[in-house]
Amino acid sequence: MDEIRAEEIIRARLSENRYQHSRRVAMVAREMARTFGLDETKAGLAGIVHDYAKGMPGYELLSIAREHDLLEDEVEEKSPDLLHATVGAFLLSRDHGLDDEEVLNAVRSHTLGRVGMTDLEKVLFLADLIEPGRDFPGIERLRCLAMRNLDQGMVQAIDLTLRYCMDQGRLIHPRTVLVRNNLLSSLPSDRTLW
Ligand SMILES: [Fe+2]
Ligand SMILES: [Fe+2]
C-alpha cells in the first residue's frame with residue numbers, strides 16, 4: 001500500500017477532522033523520520049493509517065478483538081477505544097493487504113506503546129501527540145523534547161498521558177506503566193540534562 005492509496009482509504013473511512021489529523025500526523029512523522037534518519041515513507045504511511053479503526057463503536061472493537069485473540073488486559077474491556085490501535089493494524093492487514101510489519105507495529109503501539117518499541121514506533125506515538133492540531137498544557141516542551149530525543153520525548157509523553165488519565169479518573173493500562181519503566185531505565189539518570 002502506498003501513501004496515496006492509504007489517503008484514499010482513510011478519507012473514505014474517517015470523518016474530515018480525523019482525516020486531517022491523520023495527514024498532520026503523517027507530516028510530523030515524516031519530519032521526525034528525517035531528523036532521526038529513519039524511513040520517511042514508512043513514517044508517512046504509518047501516520048496516515050494509524051487511526052484506521054478510530055471511531056468504531058466499542059462493542060465492535062471488542063468483538064473483533066475477542067474473535068481474533070487480540071485482548072491483552074481487562075482494562076481494554078472497560079475502555080475499548082484503546083483497542084483501535086490493535087484492531088486497526090489487524091484490519092489494515094486483513095482487509096487492505098498492508099503487510100509491512102514495521103508499519104503495522106507502529107499502528108499497533110500508537111496508543112499504549114510497547115516494551116522494546118522501535119524508533120519508527122516512537123515516532124508515530126509522538127507525532128500523534130504533537131501534530132500541529134493538538135493543544136494541551138505541556139505540549140511545547142513535549143514538542144522540543146520529541147524532536148531532540150525520542151526516548152526522553154516518550155517518557156514525557158507517557159507522564160503527561162498518565163497524569164491526564166488520573167485527573168480524568170480513567171483506568172491506566174498496565175502496559176503503559178511497563179513501557180515507561182523500561183524507557184526510564186534506559187535513560188541517563190541525570191534528569192538535569194532534559
Ligand atoms: Fe489513535
Ligand atoms: Fe491519532
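Calculation rules
- Residues numbered from 1 in each chain as written.
- Chains lettered and ligands numbered in written order.
- Predicted model: local features only at pLDDT ≥ 70, side-chain atom pairs only at ≥ 80, totals over all residues.
- Heavy atoms only, no water.
- Donors = N, O, S within 2.8 Å, 3.2 Å for Na, K, Ca; no water.
- Tetrahedral: all angles 85-135°; square planar, octahedral: opposite > 155°, others 65-115°.
- Helix = DSSP H or I, 4+ residues; strand = E, 2+ residues; numbered from the N terminus.
- Buried < 20%, exposed > 50% of the residue type's maximum accessible area, 1.4 Å probe, protein only.
- Expected span 1.5 Å × (residues − 1).
- Contact = heavy atoms within 4.5 Å.

S.K.: Lay out the coordination of the iron ion (ligand 2) in plain terms, naming residues and giving numbers.
M.R.: Listed as protein donors to the iron ion (ligand 2) are His 21 (NE2), His 50 (NE2), Asp 51 (OD) and Asp 128 (OD); their distances from the metal cover 2.2 to 2.3 Å. One way to put it: the four donor atoms around the iron ion (ligand 2) meet at angles of 79 to 174 degrees, and that makes the site irregular. Site description for the iron ion (ligand 2): donor spacing in sequence, H-x28-H-D-x76-D. Here the iron ion (ligand 1) and the iron ion (ligand 2) are spaced 3.6 Å from one another, each receiving a donor from Asp 51. Of this pair, His 21 sits in helix α2 (residues 16-36) while His 50 sits in the loop between α3 (40-49) and α4 (58-67), placing them 29 residues apart in sequence. His 21 gets classed as buried once you look at its relative accessible area, which sits at 10%.

S.K.: An account of the coordination of the iron ion (ligand 1) is needed here, citing residue identities and associated values.
M.R.: Ideal geometry at a metal centre gives angles of 109.5 degrees when four donors are arranged tetrahedrally and 90 or 180 degrees when six donors are arranged octahedrally. The protein atoms that coordinate the iron ion (ligand 1) are Asp 51 (OD), His 84 (NE2) and His 110 (NE2), at distances of 2.1 to 2.2 Å. If you list the donors of the iron ion (ligand 1) from N- to C-terminus, the spacing comes out as D-x32-H-x25-H.

S.K.: If you had to explain α2 to someone new, which residues and values would you point to?
M.R.: Between its terminal C-alpha atoms α2 stretches 30 Å, which fits the 30 Å expected from 21 residues at 1.5 Å a residue. For α2, the complete set of buried residues consists of Tyr 19, His 21, Ser 22, Val 25, Ala 26, Val 28, Ala 29, Met 32 and Ala 33. If you follow the buried residues of α2, they end up packed against α1 (3-13), α3, α8 (119-130), α9 (139-148) and α10 (150-167). Within two residues after α2, Gly 37 carries a phi angle of roughly 70 degrees, on the positive side.

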